[in-house]
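Fold and geometry: a report
These are the residues of each chain, in order.
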Amino acid sequence: MAKSQCTRWFVVALLALLAIADGVMAQSNANPTSAEAGNGAVLPDVVGIRVGIPAQEAFNLLKSRYPRAHIGIGHYAIAGVTDKPVPLMIAVDARESDPPEVLTLWLTIPPSKQVVWAVGREVEYDRSKPLLKTTVLAGLRQKYGPETDSSVRQDFWAFDEQGRRPASGPMKTFNCMSRAAPWSLMVAPPTAATYDYVTPLIYNPQPPNECSSLVAVSAFLDSPSTPEYVHKVTVMVSNEALARRSQESYRAYLANGDAAKQKAELEKAKERKGPAF
């Protein structure tokens with residue numbers, strides 16, 4: 001199949017999936033802003049993509065930035081909400097660019113409005129021409145400001161949902177660099193135009209802690225041999241509060257559905273005639 005035909009097929013497929021998701025939300029009468037971040041315009045971004053923006057807007061940004069890249073959709077049916085798959089991840093394979101890069105977006109789940117809750121980008125440089133670590137860190141600090149915390153391989157920035165920077169002292173004390181994003185998300189190229197992906201947001205949220213309301217930015221710097229150089233940079237931005245709201249909205253929807261089903265069964269039982277004694 002010609003590349004232009006593949007691109008057209010993909011666009012049609014994504015629009016169909018987004019339409020399914022919109023239909024699910026309309027049927028569930030969910031609050032369309034229940035999973036959205038507050039004032040997303042000031043939140044940190046990855047190549048212009050911010051957590052909290054709608055799935056369709058994110059897709060348009062990806063098409064604009066990566067017009068020739070391979071884009072795939074990870075989707076799955078959300079139990080109790082829809083039997084049809086809805087988009088849960090959008091992945092971009094731009095490894096033919098210079099330097100090669102891969103981008104992954106994670107979406108919140110119905111019945112809430114589907115928005116981006118996490119963005120990850122991986123850029124890999126020629127191992128024979130690695131970058132200085134100081135150069136990479138200077139670029140990251142210019143974009144996100146001074147680090148909240150750091151280790152040998154990871155640098156961490158903490159924000160709240162209004163884009164403000166909390167004091168670094170408590171963030172270090174609570175070890176938010178390790179605790180703020182417990183999802184084990186992996187930036188990876190798409191395996192196909194559409195493929196199955198099970199999101200962690202379908203599970204019960206973990207107990208809240210001092211770091212679970214943050215917008216977390218983490219940069220992982222991989223060195224080829226010596227720590228002065230970097231050959232691969234992975235940047236992850238995730239809105240932990242947004243993810244939790246999506247989980248809670250889904251759990252509440254399931255609970256309401258179970259309650260309604262039990263009530264309907266009770267009413268049916270009341271209509272049944274008892275045995276004669």
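An account of the accompanying structure is given in this report. Here the structure is a predicted model, which is why all the values come from computation and not from measurement. Position labels on residues start from 1 in each chain and follow its written sequence. Predicted model: local features are reported for residues with pLDDT of at least 70 only, side-chain atom pairs are reported and counted for 80 or more only, and whole-chain, interface and lining totals are derived from all residues. Neither water nor hydrogens contribute to the side-chain values; these are computed over all heavy atoms in the structure.

Further remarks concern the state of the cysteines. We call a pair of cysteine sulfur atoms a disulfide whenever their separation is within 2.5 Å. Throughout the structure, instances matching the rule amount to 1 disulfide. With its sulfur 2.0 Å from that of its partner, Cys176 forms a disulfide with Cys211. Here the disulfide of Cys176 and Cys211 is left-handed, its torsion about the S-S bond being about -80°. Taken as a pair, Cys176 in helix α5 (residues 176-179) and Cys211 in the loop between β10 (194-196) and β11 (215-222) lie far apart in primary sequence, 35 residues in all. The same class applies to Cys176 as to Cys211, namely buried. By the criteria applied, helices consist of DSSP H or I runs no shorter than four residues and strands consist of E runs no shorter than two, each listed in order from the N terminus. Partly exposed describes any residue whose relative accessible area lies between the buried limit of under 20% and the exposed limit of over 50%, with all areas from a 1.4 Å probe on protein chains only and scaled to the type maximum.

Another aspect to go through is the sheet that holds strand β3 (residues 70-77). Read from one edge to the other, the open sheet built from 9 strands follows the order β8-β9-β11-β13-β6-β5-β4-β3-β10, with strand pairing classed as mixed. Two strands lie at the open edges of the sheet, namely β8 (149-150) and β10, each paired on one side alone. Here the rule is simple: two strands pair whenever DSSP picks up at least two bridges between them. Of the pairings in the sheet, the one linking strand β9 (residues 154-159) to β11 comprises 6 bridges and is antiparallel in character. Bridged to Asp155 within β11 is Ala219. Pairs of residues are marked as contacts when any of their non-hydrogen atoms sit within 4.5 Å. Orientation is described by axes fitted as lines to C-alpha atoms, over the contacting stretch for helices, and by angles from 0 to 180 degrees between their N-to-C directions. Contacting β3, β4 (85-94), β5 (101-107) and β6 (116-124), helix α2 (residues 55-65) runs over the sheet at an angle of about 170° to β5. Here helix α3 (residues 133-144) sits on the sheet and contacts β9, β11 and β13 (232-239); the angle it forms with β11, its principal contact strand, is near 170°.

Right, let's talk about α3 for a bit. Residues three or four positions apart in an α-helix share a direction because the helix packs 3.6 residues into each turn. To estimate how far a helix should extend, the number of its residues minus one is multiplied by 1.5 Å. Taking 1.5 Å of rise per residue, 12 residues should cover 16 Å, and α3 covers 16 Å from first to last C-alpha, within 8% of that figure. What α3 keeps buried is the set Val136, Leu137, Leu140 and Tyr144. Buried residues in α3, looked at end-on, bunch into an arc of 95°, giving them a common side. The exposed residues of α3 that point more than 90 degrees off its buried face are Thr134 and Gln142. Looking at the buried positions of α3, the neighbouring elements they touch are β1 (45-46), β7 (131-132), β9, β11, β12 (229-230) and β13. Following α3 by one or two positions, Gly145 has its phi on the positive side, about 95°. To obtain the arc, one takes the directions from the helix axis to the C-beta atoms.

What follows concerns the pattern of salt bridges. The working definition used for a salt bridge is a side-chain nitrogen of Lys or Arg within 4 Å of a carboxyl oxygen of Asp or Glu. Counting across every chain of the model gives 11 salt bridges. We note a salt bridge from Glu101 to Arg121, for which the minimum N-O separation is 2.8 Å. Pair noted here: Glu101 is in strand β5 and Arg121 is in strand β6, with a separation of 20 residues, a long-range link. For Arg121, a relative accessible area of 22% translates into the label partly exposed. Between Glu161 and Arg245 there is a salt bridge, with the nearest N and O atoms lying 3.0 Å from each other. Remark: Arg245 occurs in helix α6 (residues 240-271) and Glu161 occurs in the loop between β9 and α4 (168-173); sequence separation between them is 84 residues. A relative accessible area of 13% means that Glu161 is categorised as buried. Linked through salt bridges whose partners overlap, the residues forming this network are Asp45, Arg50 and Lys143.

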